[in-house]
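Spelled out from the first residue to the last, the chains are:
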Amino acid sequence: MIISISCVVLLGVVVFIFFRKDGLKLSHALVAMLFGFYLASTAIAPSIKAGGESLAGLLGGFKF
C-alpha cells in the first residue's frame, strides 16, 4: 500500500508538470494513464467514483 501511494503521488506530480510545461504528448498521456491505474487501486478510489457519478447526475439533470 505504501508503494502504491508513493507511485500515485509521484505520477500525479509528473502529470501536473507535463500539463503545465508542454501540453499533452503521447508519452505524457501514458504517464497519465498509469496515474489513473494506480489511483484506482488506492483507498480513495470509491470516493472519486462517487464524486464522478454525482457530477454526471448533476450534469445529466440539466434541461436545455
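Residues numbered from 1 in each chain as written. Predicted model: local features only at pLDDT ≥ 70, side-chain atom pairs only at ≥ 80, totals over all residues. Heavy atoms only, no water.

A. Region of interest: the overall build of the protein chain. For the protein chain, the count of helices and strands is 3 helices and 0 strands. For the protein chain, the succession of helices and strands along the chain, N to C, is α-α-α. Counting across all 64 residues of the protein chain, residues that qualify as buried make up 12%. If you sum the accessible surface of the protein chain, you get close to 5100 Å²; carbon and sulfur atoms cover 75% of it. (Helix = DSSP H or I, 4+ residues; strand = E, 2+ residues; numbered from the N terminus. Buried < 20%, exposed > 50% of the residue type's maximum accessible area, 1.4 Å probe, protein only. Areas by Shrake-Rupley, 256 points an atom, 1.4 Å probe, with all protein chains shown as cover.)

B. Local environment of a nonpolar patch on the surface. Together, Val9, Val13, Phe16 and Ile17 make up a nonpolar patch on the protein surface, roughly 380 Å² of accessible area in all. The exposure class assigned to Phe16 is exposed, which follows from its relative accessible area of 54%. (Patch = residues over 30% accessible without salt bridge, like charges linked within 9 Å, V, L, I, M, F, W, Y side chains within 5 Å. Salt bridge = Lys/Arg side-chain N within 4 Å of Asp/Glu carboxyl O.)

C. Focus on the confidence of the model for the protein chain. Looking at the protein chain, pLDDT values average 75 and 89% of them are 70 or higher. Between the elements of the protein chain, mean pLDDT differs from a low of 73, seen in helix H1 (residues 2-21), to a high of 80, seen in helix H3 (residues 45-60). (pLDDT = per-residue confidence, 0-100.)

D. Main features of the environment of Ser6. Along the chain, Ser6 falls in helix H1. You can call Ser6 partly exposed: its relative accessible area is 43%.

E. Representation of the environment of Phe35 in the model. With respect to the helices and strands, the residue Phe35 is situated in helix H2 (residues 26-40). Among the residues examined, Phe35 registers a relative accessible area of 22% and is labelled partly exposed. C-alpha separation for the pair Phe35 and Val13, spaced 22 residues apart in sequence, amounts to 9.7 Å. When sequence neighbours within four positions are dropped, the list of residues in contact with Phe35 reads Val8, Leu11, Gly12 and Val15. (Contact = heavy atoms within 4.5 Å.)

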